Amino acid sequence: MLLAQVFGTLMNVTTRLLEIEGNAGKGFHPFQILFVRMSITLVLASLWMWYKKTPHFPLGMPEVRWLLIARGFGGFFGVFGMYYSLLYLPLADATVITFLAPSLACWACSILIKEPFTRIEQIAAMVSLFGVVLIARPTSLFSGSSTAPPASGGGDFAPVNKTTVSVPDASNYDNVTPSQRLMAVGIAMLGVLGAACAYTTIRWIGKRAHPLISVNYFAAWCTLVSIVMQLVLPGVGFLFPKDLRDWTLLIFLGLCGFIM
């Protein structure tokens, strides 16, 4: 689990760089990143299970397929919520919001499969929810003016010279509007629900499916949805990486997804 968290953090940092500084400074859309990451994971996981002759590959046991589908569906919203929020939130803020998912998963597991969810854990979940409110910083509660506070940290910042073309900077949040920030928090919260669904279904499935079969459902759902959205959404489309740095980051992202 600790190793998975390390790779998960590396993936989030890589995603942030691709969204802000990739594509020659124009950035990649979350669906474009998801397509590359998940297609690599899907291919590698499928080849590994085929080579190892994993039982019930590729669809899993019939009695748990509906749970595997729910795992893939929830996992997609979990990862997309994280990737979208990284467009407008600092990595630290977006990551802290995702910490709500384990608490929701504990609550769901206590109802669906009767796992213990103690009073202390329930109190901790409420404290986590309060922390998310502090991160979201609703304007009506934290500001008396229309000026948006910096997305992370304190201190003043100099006004932007509109006649100057700025170089993309992954640490610059001065131009993020309150509405964009609120939307990012909302999508991140949707991602929390998706991640909680994924955690709950994985626990529910237990040992009835190989872990890579679960990963494959997740990767297949994300690959399919990202293909459709790239075809449907205006201004997105399929984007071919333009330099070695983008190729390296995208391949690294896919490899981390498979290892994680």
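Thresholds applied
Residues numbered from 1 in each chain as written. Predicted model: local features only at pLDDT ≥ 70, side-chain atom pairs only at ≥ 80, totals over all residues. Heavy atoms only, no water. Helix = DSSP H or I, 4+ residues; strand = E, 2+ residues; numbered from the N terminus. Buried < 20%, exposed > 50% of the residue type's maximum accessible area, 1.4 Å probe, protein only. Contact = heavy atoms within 4.5 Å. UniProt positions renumbered as here; feature names shortened; annotations may be inferred. Axes fitted to C-alpha atoms, helices over the stretch in contact; angles between N-to-C directions. Parallel < 35°, antiparallel > 145°, perpendicular 65-115°, else oblique. Left-handed = near helix turned anticlockwise from the far one by under 90°. Expected span 1.5 Å × (residues − 1).

(A) Structural context of the overall build of the protein chain. The secondary structure content of the protein chain amounts to 10 helices and 0 strands. Mapped from its N terminus to its C terminus, the protein chain presents α and β elements in the order α-α-α-α-α-α-α-α-α-α. Within the protein chain, the fraction of its 260 residues that count as buried is 40%. Contacts spanning at least 24 positions in sequence make up 83% of the contacts within the protein chain whose residues lie at least 6 apart.

(B) Molecular detail of the UniProt feature "transmembrane region" (unreviewed entry) in the protein chain. Mapped onto this numbering, the UniProt entry annotates "transmembrane region" (unreviewed entry) at residues 31-51, 63-84, 96-113, 182-205 and 217-240. Secondary structure content for residues 63-84 is 91% helix and 0% strand, while the C-alpha to C-alpha distance between its ends is 34 Å. What you have in residues 96-113 is 89% helix and 0% strand, and the ends, taken at the C-alpha atoms, are 27 Å apart.

(C) View of the environment of V185. By secondary structure assignment, the location of V185 is in helix α8 (residues 178-205). Taking the C-alpha atoms as reference, V185 lies 8.9 Å from V132; in sequence the two are 53 residues apart.

(D) Summary view of the packing of helix α5 (residues 100-112) against α8. Following both chains from N to C, one finds α5 and α8 inclined at 45 degrees, their axes separated by 8 Å at the closest point. Classified by the angle their axes make, α5 and α8 are oblique. Crossing of α5 over α8 shows right-handed handedness. Here L100, A101, P102, L104, A105, A108, C109 and L112 of α5 lie close against α8, whose contacting residues are M189, V192, L193, A195, A196, Y199, T200, R203 and W204.

(E) Layout of α8. In this model α8 runs 40 Å from its N-terminal to its C-terminal C-alpha over 28 residues, within 8% of the 40 Å that 1.5 Å per residue would give. Two residues or fewer past α8, G206 is found with a positive phi of approximately 60 degrees.

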